[in-house]
Amino acid sequence: MTQLTEQIRQQLVTDILEGRYVPGSAFPTELETAERFRVSRVTVRRAYGALEEAGIIVRRRRVGTVVNDRFAAATGPIRVLGAILPLNDSFSRDFLKTICAEASRA
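Okay, so let's go over this structure. (Residues numbered from 1 in each chain as written. Predicted model: local features only at pLDDT ≥ 70, side-chain atom pairs only at ≥ 80, totals over all residues. Heavy atoms only, no water.)

### A look at the pairing of strand β1 (residues 57-60)
Right, on to step 1. Two strands pair when backbone bridges link them, and β1 and strand β2 (residues 64-67) are joined in this way by four bridges, in the antiparallel orientation. Across the sheet, residue V58 finds its bridge partner in β2, namely V66.
Right, on to step 2. What sits between β1 and β2 in their antiparallel hairpin is a turn of three residues, with R62 showing a positive phi close to 70 degrees. (Pairing = 2+ DSSP bridges. Helix = DSSP H or I, 4+ residues; strand = E, 2+ residues; numbered from the N terminus.)

Here it is, written out as structure tokens:
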């Protein structure tokens, strides 16, 4: 994955985590995202592929792309957290770093 593709993927994950796109909701089309970031659809398609592979979005033919319902934030205080993550995946590493940083702040 190119650095540009990775940057777009990371920004889209941030958008989801910040509530811009909520689980179950429609995700922007590849064309809309390409226009937003001023990049080619090929670059966006690769970023979407990485998001889909990580289970963050679901792409359905003739329906569109939605944020995976299973990618939802907890609504109460988290007392225990467990995770099984592939460490060779950049999303997993970023996710783990963020969890550790937030746990340290709390």
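### Some points on the nonpolar core
Right, on to step 1. In terms of nonpolar packing, the biggest core is built from 16 residues, with L12, I16, F27, Y48, L51, I56 and I57 touching the most fellow members.
Right, on to step 2. Counting residues per element, the ones that place at least two in this core are α1 (3-17) and α3 (41-53).
Right, on to step 3. Once residues within four sequence positions are removed from consideration, Y48 is found in contact with L12, F27, P28, T29, E30, T33, I57, R59 and T65. (Core = buried A, V, L, I, M, F, W, Y, C linked by side-chain atoms within 4.5 Å. Buried < 20%, exposed > 50% of the residue type's maximum accessible area, 1.4 Å probe, protein only. Contact = heavy atoms within 4.5 Å.)

### Points about helix α2 (residues 30-37)
Right, on to step 1. Within α2, burial applies to E30, T33 and A34. For α2, the buried positions fall inside an angular range of 105 degrees around the axis, keeping them on one side.
Right, on to step 2. With its phi angle positive at about 55 degrees, R38 sits one or two positions after the end of α2. (Arc of directions from axis to C-beta.)

### Points about the environment of D94
Right, on to step 1. Looking at the element boundaries, D94 is found in helix α4 (residues 90-105).
Right, on to step 2. D94 gets classed as partly exposed once you look at its relative accessible area, which sits at 27%.
Right, on to step 3. Distance in space between the C-alpha atoms of D94 and Q10 is 8.9 Å, their sequence separation being 84 residues.
Right, on to step 4. For D94, the residues in contact, after removing those within four places along its chain, are E6, R9 and Q10.

### Quick word on the pattern of salt bridges
Here the idea is simple: oppositely charged side chains can pair when their charged atoms come close.
Right, on to step 1. Evaluation of the coordinates by the stated rule reveals eight salt bridges.
Right, on to step 2. The shortest N-O distance in the salt bridge between D94 and R9 comes to 3.8 Å. In this pair, D94 sits in helix α4 while R9 sits in helix α1, placing the two residues 85 residues apart along the sequence.
Right, on to step 3. Several salt bridges converge on common partners, so that one network encompasses E30, R41, R45, E52 and R59. (Salt bridge = Lys/Arg side-chain N within 4 Å of Asp/Glu carboxyl O.)

### Digging into the packing of α1 against α2
Right, on to step 1. For the pair α1 and α2, interaxial distance at closest approach is 12 Å and the crossing angle is 105 degrees. Relative to α2, the element α1 lies roughly perpendicular. Counted together, I8, Q11, L12 and D15 of α1 and T33, R36 and F37 of α2 form the full contact between these two elements.
Right, on to step 2. Per-class residue counts for the contact of α1 with α2 are three nonpolar, two polar and two charged. (Axes fitted to C-alpha atoms, helices over the stretch in contact; angles between N-to-C directions. Parallel < 35°, antiparallel > 145°, perpendicular 65-115°, else oblique. Nonpolar A, V, L, I, M, F, W, Y, C, P; charged D, E, K, R; others polar.)

### Focus on the packing of α1 against α4
Right, on to step 1. At a minimum axis distance of 12 Å, the contact between α1 and α4 shows a crossing angle of 45 degrees. In this view, α1 runs oblique relative to α4, as classed from their interaxial angle. Both α1 and α4 take part in a crossing whose hand is right-handed. Contacts between α1 and α4 involve E6, R9, Q10 and V13 from the first element and S90, F91 and D94 from the second.
Right, on to step 2. Here the contact of α1 with α4 is composed, by residue class, of two nonpolar, two polar and three charged. (Left-handed = near helix turned anticlockwise from the far one by under 90°.)

Limitation: the analysis is restricted to geometry and does not speak to function.
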